[in-house]
Structure formats: structure tokens, C-alpha cells
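Reading the structure
Residues per chain are reported as follows:
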Number of protein chains: 2
Amino acid sequence: MRYQLYYWPGIPGRGEFVRLALEAGGAKYDDVARLPNREGGVSALMHFMEDERVKRRPFAPPYLKAGRLLIGQTANILLFLGPRLGLVPDDEASRLWAHQLQLTIADLVTEVHDTHHPIASSLYYEDQKREAKRRAKHLVSERLPKYLGYFEGVIADNARGKGFMIGNALSYVDLSMFQLLAGLQYAFPNNVAKLAKRLPRLAALQDLVAEQPRIAAYLASDRRLPFNEQGIFRHYPELDV
Amino acid sequence: MRYQLYYWPGIPGRGEFVRLALEAGGAKYDDVARLPNREGGVSALMHFMEDERVKRRPFAPPYLKAGRLLIGQTANILLFLGPRLGLVPDDEASRLWAHQLQLTIADLVTEVHDTHHPIASSLYYEDQKREAKRRAKHLVSERLPKYLGYFEGVIADNARGKGFMIGNALSYVDLSMFQLLAGLQYAFPNNVAKLAKRLPRLAALQDLVAEQPRIAAYLASDRRLPFNEQGIFRHYPELDV
């Protein structure tokens, strides 16, 4: 099976959580919106959202084509890919737990996005900077410690897990946690450095994921997009005081 | 199987999406945190989040006990319950689509909550009222039309579906849509009334769900909690101009 990933080109965004799973699972895939226009491009991305002849249109990217299936919502795509790419344990309890953690990661991702856009996604950051500063104080002092402390505890509780979050092998949740931590370090370097002292297991997980051969190769390739100030994780120094 | 639902007593909140599925599916369940202290209560709710002897603790309510399984995240609980309660079609494509829609509903629920709490959940509404007013304008003029128009289109595309969102029978997505619409009508009566003219299928779906015998009985019972100003959907007239 060759997959087609559809996501905005130019930002890692939510698409990156899917991309990491495809890469770690050794899947063949096309990153359609990043292809030249004759092979894909943004118009191919928009087609599935806007063409009314497409049934079961997704609300927003990312979405994945898998043969005739068109699957939207990041966590739903990972729910689908996990078993197929060997990135989640076999038992139902672990699969539900993996998805539960993925949805908790998704909640924090939304909170981080909304920190630079607390009023509206349709407004520029500069037009909601005052509110963003106010929200950022709560994010770094309350929300990040609460969420990251929780995830640190998940690894600690998975005592026989060799440092992974679920079971004793790499899962899509580890990959998403890696991306979340990388994004937070990019966006809030000062605050995350302070928090990191109490999060040794998350730091070790980040290294563990980065050292997986397929991930190491991917991170060194031009398929990996850098963070920037158009995406979810943005570095605005005034939000990281 | 008798289920145990854990959610904050006193608000419908995210727990209500699960409660509606349990009720529509005719499941036996305990609403644990609403029981007297000797049988449950808030301390029973907190136990699963705070007691470090509990493995795979959820980050937040709602969560569901199903025998030995402890399942958190609203959409994940519904993913689990759907097939067991006959509230989702059998085929994989429809199940993924149902979950995708549920996650899109969840995204809007978060946007609605954050409209009265755009800065921090830990602050009172009164301490972020100025920002809430600004955000509410964007919610009612941009976000609600976009999301609700999308959901209206989902029903329209499901042409043989007798008015349901997926397939031709009641699913957990219909129940969640019913709750979302009821909440929006409570919180933003003026704006939702204006939008409703362009959303005839969603209005018909609300009636269709309310007329299901088990749901009609539930809505008339004291198990159904009213909306109030502690929950997700709050009626603040200044946000509904």
C-alpha cells in the first residue's frame, strides 16, 4: 500500500505527526501538496475539501488517502496507521490507551496554537499580541507543567517499557511526543529548559526517538520541515519570558 | 456489562456526550460521581486521576470503566462504545468516518469553551471578559457558520441516510451533534437562530434524535443535567450580540 498524505506545504504543523509515523514505519507515501503542481500541489489538497463530488470530505488537513479510504483528523489517521505500520501494541487495552494519549497530546497542541492566536485564527498574531502575552503566562506556568508532568508519569508507570510510553517498543505516541517536545523547545526555549530538569524521562525519550535509524535518516533529509512562525509552534520571544 | 461513567457532577460538559450514547444504547451504567459519597461521589472520580497505584491514569474526565478497562478522552470512549451499543455502522470506512466527525465536533466544543475562557481555564470569566467578547465575535461570525455549514453538508451528502449523519440509523455522532446544537442554542440563542435558517438538516436531526424513545425518556428524566454557567456552553448575553 502506497499512502498519500495531504497537508499544507511549508509548515510541519499537524501533518508532521502523521509524517513521523509514515517514516518510522517505513511506509511508501507521497507528500502530495509538496509535489510540483503537475503531480499534486495545494490544488490537490483543496480538491478533497472543496469539490462537492468528493464524498465524506474532511473539515481540515491533514488527511490521508489509503487506497479508497480518505481519513481525516490527525489522531484518527494515527489510529488507522498504528497497527498497519507496527507502531502500536496488539491488545485492545493498549490501543485505546495509545489513542487516549494521542488525544491528550492533541489537546495540548491546540492549547499551544491558541496561545499565539487566543482571539481568532483569522487575525494576525500582531492583532492579538496583548492577549497572547497574557495567555502565554498561564501556558508556561500552569498548563505545560501539568501536561508534561503527566506525560513524564506515563513513562515512569510503564516501568518495563525501556523508556517508551506504551509497551516496550516504539509507538506512534512516542513519535508525537517527540514532535511536541521539539516544538515546545522551539517556541518556549527558556521556559522549557527550566521545566526539563523535572522531566528526565521525556528528555531520554526524545533522544531515543531521534536515534531510531529511520527517524535519524528522516531528520537529516529535506523531507523534514523546520519550525517557523507560520505553524503551530512559533518562537515569539515575548511569549517566553 | 455494566459501565461506570466518571464525570464532574453538576455540569453536562463533555460527560454528556458519553451519557447520551449510554442512554441511547440502553446500557446499564452508574454515573459514579453523582452517587452519594458512600457509593461514589467526587472522591471516586479523583481516585483514578490522583492515586498513583492506578495504572494508565487519565489526564481529565470523562472516563469510563468497562470491566478492567479504564478509558479516557470523550471521542475515545465513544470509539469503544459505538460498536458495543450498536451506535455505529459495521464497516471500517464508516467507523473511521464517524470518529473523524466526532473529533471535528470535539474541536468545535473546545473552541466554544475557550470563547468564555480565551486566556486561562484557571481564571474567572470576569477576569477575561474583554478578551471573551472579542473572541465571541469571531466565533459566531466565522467559526460557527464554517463548522455548522460543514455538518449540514455531511447530512446532505448522506443522501440515503434518512436524515442521519452516517448510514441510515442513529449513531453516536448524531447524539453528539444533538448535544452540540442544544448547547450552542443555549449559549448563543440570537446568533444560532439566525444561522438556523441555512441549516434545515441539522434542525431536523435535532428533532429526530429527541424523538428516539430512549432519548425522549432520558431527556424527561432527572438524569439529564441542564446547561449552566459552570460548563462548556454558557449563556452570557454579552457574548451573543
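Predicted model only: the values in this text are computed from it and were never measured.

**Let's talk about the relation of the copies chain B and chain A**
Rotating chain B by 180 degrees about the axis while translating it 0.0 Å along that axis superimposes it on chain A, leaving an RMSD of 0.0 Å. One copy is carried onto the other by what is essentially a two-fold rotation axis. Judged by C-alpha distance, P118 of chain B is the residue of chain B that lies nearest the rotation axis, at 2.9 Å. When the interface residues of chain B are mapped onto chain A, 100% of them again lie at the interface, so the same face is used by both copies.

**With respect to the sheet that holds strand β2 (residues 28–31) of chain B**
Residues and elements named next belong to chain B. Ordered in space as β2-β1-β3-β4, the 4 strands form an open sheet in which the pairing is mixed. Both edges of this open sheet fall to β2 and β4 (69–72), since each of them pairs with a single strand only. This sheet shows a mean twist of 20 degrees between the axes of neighbouring strands, independent of strand direction. Here strand β3 (residues 63–66) runs beside β4; their pairing, made up of 4 bridges, is antiparallel. Note that in β4 the partner of L64 across the bridge is I71. Packed onto the sheet, helix α1 (residues 15–24) meets β1 (2–6), β2 and β3 and runs at close to 160 degrees relative to β1.

**Looking at the interface of chain B and chain A**
With 31 residues of chain B at the contact, the number on the chain A side is 31 residues. Broken down by secondary-structure element, the contributors of at least two residues to the side of chain B that touches chain A are β4, α3 (74–84), α4 (92–116) and α5 (129–157) of chain B. A total of 9 residues in the side of chain B that touches chain A trace back to one element, the largest contributor, which is α4 of chain B. Each residue belonging to the side of chain B that touches chain A can be placed in one class, and the counts come to 14 nonpolar, 9 polar and 8 charged.

**Structural notes on the pairing of β1 of chain B**
The two faces of a sheet get side chains in turn, since along a regular strand they alternate between them. All names here are of chain B. Relative to β2, β1 runs parallel, the two sharing 4 bridges. If you follow R2 over to β2, its bridge partner there is K28. Remark: the β1/α1/β2 crossover connection has right-handed handedness. Looking at chain direction, β1 and β3 are connected through 3 bridges and run antiparallel. Note on β3: the bridge partner recorded for Q4 is K65.

**Focus: the packing of helix α3 (residues 74–84) of chain A against α4 of chain B**
Running from amino to carboxyl end, α3 of chain A crosses α4 of chain B at an angle of 150 degrees, the nearest separation of the two axes being 9 Å. One way to sum up the angle between α3 of chain A and α4 of chain B is to call them roughly antiparallel. Relative to α4 of chain B, the crossing made by α3 of chain A is right-handed. Residues A75, N76 and F80 of chain A of α3 of chain A form the contact with α4 of chain B, whose own contacting residues are L96, H99, Q100 and L103 of chain B. Residues that form the contact of α3 of chain A with α4 of chain B fall into these classes: 4 nonpolar, 3 polar and no charged.

**A closer look at the sheet that holds strand β3 (residues 63–66) of chain A**
Backbone hydrogen bonds hold the strands of a sheet together, and the pairing may be parallel or antiparallel. Residue and element names in this part refer to chain A. Strand order across the open sheet formed by 4 strands is β2-β1-β3-β4, with mixed pairing between neighbours. Each edge of the sheet is formed by a strand with only one pairing partner; in this case those strands are β2 (28–31) and β4 (69–72). On average, each strand axis in the sheet is tilted by 20 degrees relative to the strand beside it, whichever way the strands run. With 4 bridges connecting them, strand β1 (residues 2–6) and β3 associate as antiparallel partners.

**Some words on the environment of T110 of chain B**
Residue and element names in this part refer to chain B. Along the polypeptide, T110 turns up in helix α4. For T110, a count of 17 C-beta atoms within 10 Å gives the class partly exposed. C-alpha separation for the pair T110 and I232, spaced 122 residues apart in sequence, amounts to 8.2 Å.

**Observations regarding the domain arrangement of chain A**
Residues and elements named next belong to chain A. Per the domain assignment, the segments of chain A are domain 1 (2–84) and domain 2 (92–212). Spacing between the C-alpha centres of domain 1 and domain 2 amounts to 23 Å. Listed as interface residues are 11 residues of domain 1 and, on the opposing side, 11 residues of domain 2. Counting only elements with at least two residues in the side of domain 1 that touches domain 2, the list comes to α1 (15–24) and α3. Counting residues per element, the side of domain 1 that touches domain 2 draws most heavily on α3, which supplies 6 residues. Taken together, the residues of the side of domain 1 that touches domain 2 sort by class into 8 nonpolar, 2 polar and 1 charged.

Scoring rules and cut-offs
Residues numbered from 1 in each chain as written. Chains lettered and ligands numbered in written order. Predicted model: local features only at pLDDT ≥ 70, side-chain atom pairs only at ≥ 80, totals over all residues. Least-squares fit on C-alpha atoms with pLDDT ≥ 70 in both. Contact = placed C-beta atoms within 7 Å. Pairing = 2+ DSSP bridges. Helix = DSSP H or I, 4+ residues; strand = E, 2+ residues; numbered from the N terminus. Axes fitted to C-alpha atoms, helices over the stretch in contact; angles between N-to-C directions. Nonpolar A, V, L, I, M, F, W, Y, C, P; charged D, E, K, R; others polar. Right-handed = clockwise from strand over helix to strand, strands pointing away. Parallel < 35°, antiparallel > 145°, perpendicular 65-115°, else oblique. Left-handed = near helix turned anticlockwise from the far one by under 90°. Buried ≥ 20, exposed ≤ 12 C-beta atoms within 10 Å, placed from the backbone. Domains from an automatic or database assignment.

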